[in-house]
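Observations on the model geometry
Take a look at the letters that make up each chain.
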Amino acid sequence: MRPRSQHQFSLLQASENHPGLAKLLTQHRDSSARLKAIQPLIPAALRPFVKSGPLEDGAWCLMLTNNTTAAKLRQLLPAFEAQLRVSGLEVSSIRLKVSRPQ
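Only a predicted model underlies this, so the values are computations on that prediction, with no experimental measurement involved.

1. Digging into the sheet that holds strand β3 (residues 93-98)
Here three strands make up an open sheet; going across it, the order is β1-β2-β3 and the pairing mixed. Looking at strand neighbours, the two that pair on one side only are β1 (50-56) and β3, the edges of this open sheet. Within the sheet, the average angular offset between the axes of one strand and its neighbour, ignoring direction, is 25°. Pairing of β1 with strand β2 (residues 59-64), which is carried by five bridges, proceeds in the antiparallel orientation.

See below:
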């Protein structure tokens, strides 16, 4: 039986020390910050159906659970982009992806 290491790390500490995981953690934080910035512009009834998705090379994806939400948010994309610019969280584009909840 191996002795336990005296150095224990939290998952957050371990991910910050691993380059690949650190990059994913940063992308997740950036994506979540963008969703938080536009949240007030999303109609309250639709908020439960919207999740932040990946942010890669300036393109941000919003994950939606139904087509009705996608149709409404498509109309709001210019307002979302303007809000992100004002917040200093600019993106080159916003994609909407409908995925069924699991």
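Okay, back to it.
2. Some thoughts on the environment of T26
With respect to the element layout, T26 can be found in helix α2 (residues 19-38). Note: C-alpha distance between T26 and L55 (29 residues apart in sequence) is 9.8 Å.

3. Observations regarding the pairing of β3
Where β2 and β3 come together, six bridges link them in parallel fashion. Counterpart to W60 in the pairing with β3 is I94.

4. A look at the nonpolar core
Judged by nonpolar contacts, the single largest core of 19 residues is most densely connected at I38, I42, W60, L62, F80, L84 and I94. Elements supplying a minimum of two residues to this core: α2, β1, β2 and α3 (67-86). In terms of residues, this core owes the most to one element, α3, which gives six residues.

5. Observations concerning the side chain of T69
You can see T69 is positioned in helix α3. Judged by its relative accessible area of 1%, T69 falls in the buried class. In contact with T69, not counting residues within four places along its chain, are L46, F49, V50 and L64.

6. Considerations on the pairing of β2
Taken together, β1 and the strand that follows it, β2, pair antiparallel across an intervening segment of two residues, in which D57 is found at a positive phi of about 55°. Handedness of the β-α-β unit built from β2, α3 and β3 comes out right-handed.

7. Observations regarding α3
Under the 1.5 Å per step criterion, the end-to-end length of α3 is 28 Å for 20 residues, consistent within 8% with the ideal 28 Å. At L76, α3 shows its largest kink, close to 50°, and the proline P78 lies no more than four residues downstream. Every buried residue belonging to α3 is among T69, A70, L73, L76, L77, F80 and L84, and all of these are buried. Looking at where α3 begins, the residue whose side-chain oxygen comes 3.3 Å from the main-chain nitrogen of T68 is N66. Looking one or two residues past α3, G88 carries a phi angle of roughly 75°, positive in sign.

Each value, and the rule that gives it
Residues numbered from 1 in each chain as written. Predicted model: local features only at pLDDT ≥ 70, side-chain atom pairs only at ≥ 80, totals over all residues. Heavy atoms only, no water. Pairing = 2+ DSSP bridges. Helix = DSSP H or I, 4+ residues; strand = E, 2+ residues; numbered from the N terminus. Axes fitted to C-alpha atoms, helices over the stretch in contact; angles between N-to-C directions. Core = buried A, V, L, I, M, F, W, Y, C linked by side-chain atoms within 4.5 Å. Buried < 20%, exposed > 50% of the residue type's maximum accessible area, 1.4 Å probe, protein only. Contact = heavy atoms within 4.5 Å. Right-handed = clockwise from strand over helix to strand, strands pointing away. Expected span 1.5 Å × (residues − 1). Bend = angle between axes of the 7 residues up to and from the residue. Polar contact = N/O pair within 3.5 Å; in protein donor to acceptor, adjacent residues only side chain to side chain.

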